[in-house]
Amino acid sequence: IILAKKIIESKKYGKLINLKGLYGKSKIISFVGQWRSNKSIAGGGILLDQGIHMLDLIRLFAGRFDKFKSFISNKFWKYNVEDSAFALMKNKSGVIASIHSTATQWKHKFNIEITFEKATLILSGILSGSKSYGQEKLIILNKKNDKFYKKTFRYYKDNSWKEEIDEFTDIILKNKKVLNGNSFQALEVMNMVKNIYNNDKEWKKKINDKK
């Protein structure tokens, strides 16, 4: 993620054109009390519980989005929270992003494709405890002088927790401004989720009727 962000900011491959994301698992996990499948407790389903993390990354890569189109469904698991969400988003720069957040992806998957004028980045896999999302990789695909090039970065160790704690500690001890994961960014991504829910009028009515 850090390398992808640096590549975007470098503009090495030209302007950002679009982003496509798929984040899926095979079910809505039910904990004691079935809270993840209960809207009155969880607030939402797979989009709010898992897809929000991919939305946060899309916002990190491309900034604020202000136009949304979406389809929300609970067709398979039949809970009163969504088990699948499809969304299209567009920002003021004309960058379009799509996301599919789903609990019907029978083989767990995390994948983001970032397309530039001269290349595509593919981020895939998560170094989760279950290892069910596959190996973490960043692939760069680009054409230069009519030749096709592919470069792959592979990641074998997850240092994210340590780096996050180190950053947090540094902010506290040195009274620094919070740049990553601040309350404004949290509000922005929550508004993305809200806009995706609200854009599907049928889903909004369906959920409201069950209250």
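Located above this text is the structure these notes cover.
I will try to describe carefully the structure that is included in this document. Residue numbers run consecutively from 1 along every chain, following the written order of its sequence. Since the coordinates come from a predicted model, pLDDT governs what is reported: local features require at least 70, and pairs of side-chain atoms require 80 or more to be given and counted, while whole-chain, interface and lining totals use all residues. Based on all heavy atoms of the structure, the side-chain values leave hydrogens and waters out of the count.

Let's talk about the overall build of the protein
Item 1. Here a strand is any run of E in DSSP of at least two residues, a helix any run of H or I of at least four, and the numbering for each starts at the N terminus. Along its length, the protein carries six helices and eight strands.
Item 2. For the protein, the N- to C-terminal ordering of α and β elements is α-β-α-α-β-β-β-β-β-β-β-α-α-α.
Item 3. The C-alpha radius of gyration of the protein comes to 18 Å, within 12% of the 17 Å expected for a compact globule of 211 residues.
Item 4. Projecting the C-alpha coordinates of the protein onto the three principal axes gives extents of approximately 55 × 50 × 35 Å.
Item 5. Sorting the 211 residues of the protein into buried and exposed places 39% on the buried side.
Item 6. Computed with a 1.4 Å probe, the accessible areas rest on the Shrake-Rupley method; for each residue, only the protein chains presented here act as cover. Carbon and sulfur atoms make up 55% of the accessible area of the protein, which totals about 13,400 Å². We compute the radius of gyration from the C-alpha atoms alone; for a globule the expected value is 2.2 Å times N to the 0.38, where N is the number of residues. For each residue, the accessible area found with a 1.4 Å probe, counting protein chains only, is set against the maximum for its type, and the residue is called buried under 20%, exposed over 50%, and partly exposed in between.

Considering the pairing of strand β7 (residues 136-144)
Item 1. Only when DSSP finds a minimum of two bridges between them are two strands counted as paired. The sheet contact formed by strand β6 (residues 119-124) and β7 spans six bridges and is antiparallel. The residue bridging Leu 121 from the neighbouring strand is Ile 140, located in β7.
Item 2. The hairpin formed by β7 and strand β8 (residues 147-155) contains two residues between the paired strands, and Asn 145 there has a positive phi angle of roughly 55°.

Structural notes on the sheet that holds strand β1 (residues 16-24)
Item 1. Strand order in the open sheet formed by eight strands is β2-β3-β4-β1-β5-β6-β7-β8, with mixed pairing between adjacent strands. Strand pairing shows two members of the sheet lacking a second neighbour, β2 (65-73) and β8, which therefore form its edges. Put simply, the sheet's adjacent strands are angled 10° from each other on average, direction ignored.
Item 2. The pairing of strand β5 (residues 109-116) with β6 spans five bridges and is classified as antiparallel. In the sheet register, Asn 111 faces β6, and the bridge partner there is Ser 124.
Item 3. Contacts between residues were defined by any pair of non-hydrogen atoms, one from each residue, lying within 4.5 Å. Between N-to-C directions, angles cover 0 to 180 degrees, with each direction set by a line fitted to C-alpha atoms, over the stretch in contact for helices. Sheet strands in contact with helix α1 (residues 2-10) are β5, β6, β7 and β8, and its direction is about 15° off that of β5.

Some points on a positive patch on the surface
Item 1. To count toward a patch, a residue needs a relative accessible area above 30% and no salt bridge. Like charges then connect within 9 Å, nonpolar side chains (Val, Leu, Ile, Met, Phe, Trp, Tyr) within 5 Å. A side-chain nitrogen of Lys or Arg and a carboxyl oxygen of Asp or Glu constitute a salt bridge if their distance falls within 4 Å. Residues counted as positive are Lys and Arg, residues counted as negative are Asp and Glu, and His and the chain ends are not counted. Lys charges are placed at NZ, Arg charges at CZ, Asp charges at CG and Glu charges at CD. A cluster of like positive charges, contributed by Lys 12, Lys 118, Lys 144 and Lys 151, occupies part of the molecular surface.
Item 2. Relative to the helices and strands, Lys 144 is located in strand β7.
Item 3. Accessibility expressed as a relative area gives 52% for Lys 144, which makes it exposed.

Things to note about the packing of helix α3 (residues 46-62) against helix α5 (residues 183-199)
When two helices pack together, their arrangement is captured by the angle between the axes and the distance separating the axes.
Item 1. Running from N to C, α3 and α5 point in directions that differ by 120°, and their axes come no closer than 9 Å. Between α3 and α5, the angle is such that the two are oblique. The handedness of the crossing between α3 and α5 comes out as right-handed. Packed against α3, whose contacting residues are Leu 47, Leu 48, Ile 52, Leu 55, Asp 56 and Arg 59, the element α5 presents Gln 185, Glu 188, Val 189, Met 190, Met 192, Val 193, Ile 196 and Tyr 197 at the interface. With respect to orientation, any angle under 35 degrees is reported as roughly parallel, any angle over 145 as roughly antiparallel, any angle of 65 to 115 as roughly perpendicular, and every other angle as oblique. Rotating anticlockwise by less than a right angle from the far helix to the near helix defines a left-handed crossing, while the corresponding clockwise rotation defines a right-handed one.

Examining the environment of Ile 99
Item 1. Topologically, Ile 99 is positioned in strand β4 (residues 96-102).
Item 2. When the C-alpha atoms of Ile 99 and Gln 135 are compared, they prove to be 21 Å apart, with 36 residues separating the residues in sequence.
Item 3. Once residues within four sequence positions are removed from consideration, Ile 99 is found in contact with Gly 21, Gly 51, Met 54, Leu 55, Ile 58, Ala 85, Phe 86, Ala 87 and Met 89.

Brief notes about unusual backbone geometry
Item 1. One non-glycine residue, Lys 11, adopts positive backbone phi at about 60°.
Item 2. Residue placement: Lys 11 occurs in the loop between α1 and β1.

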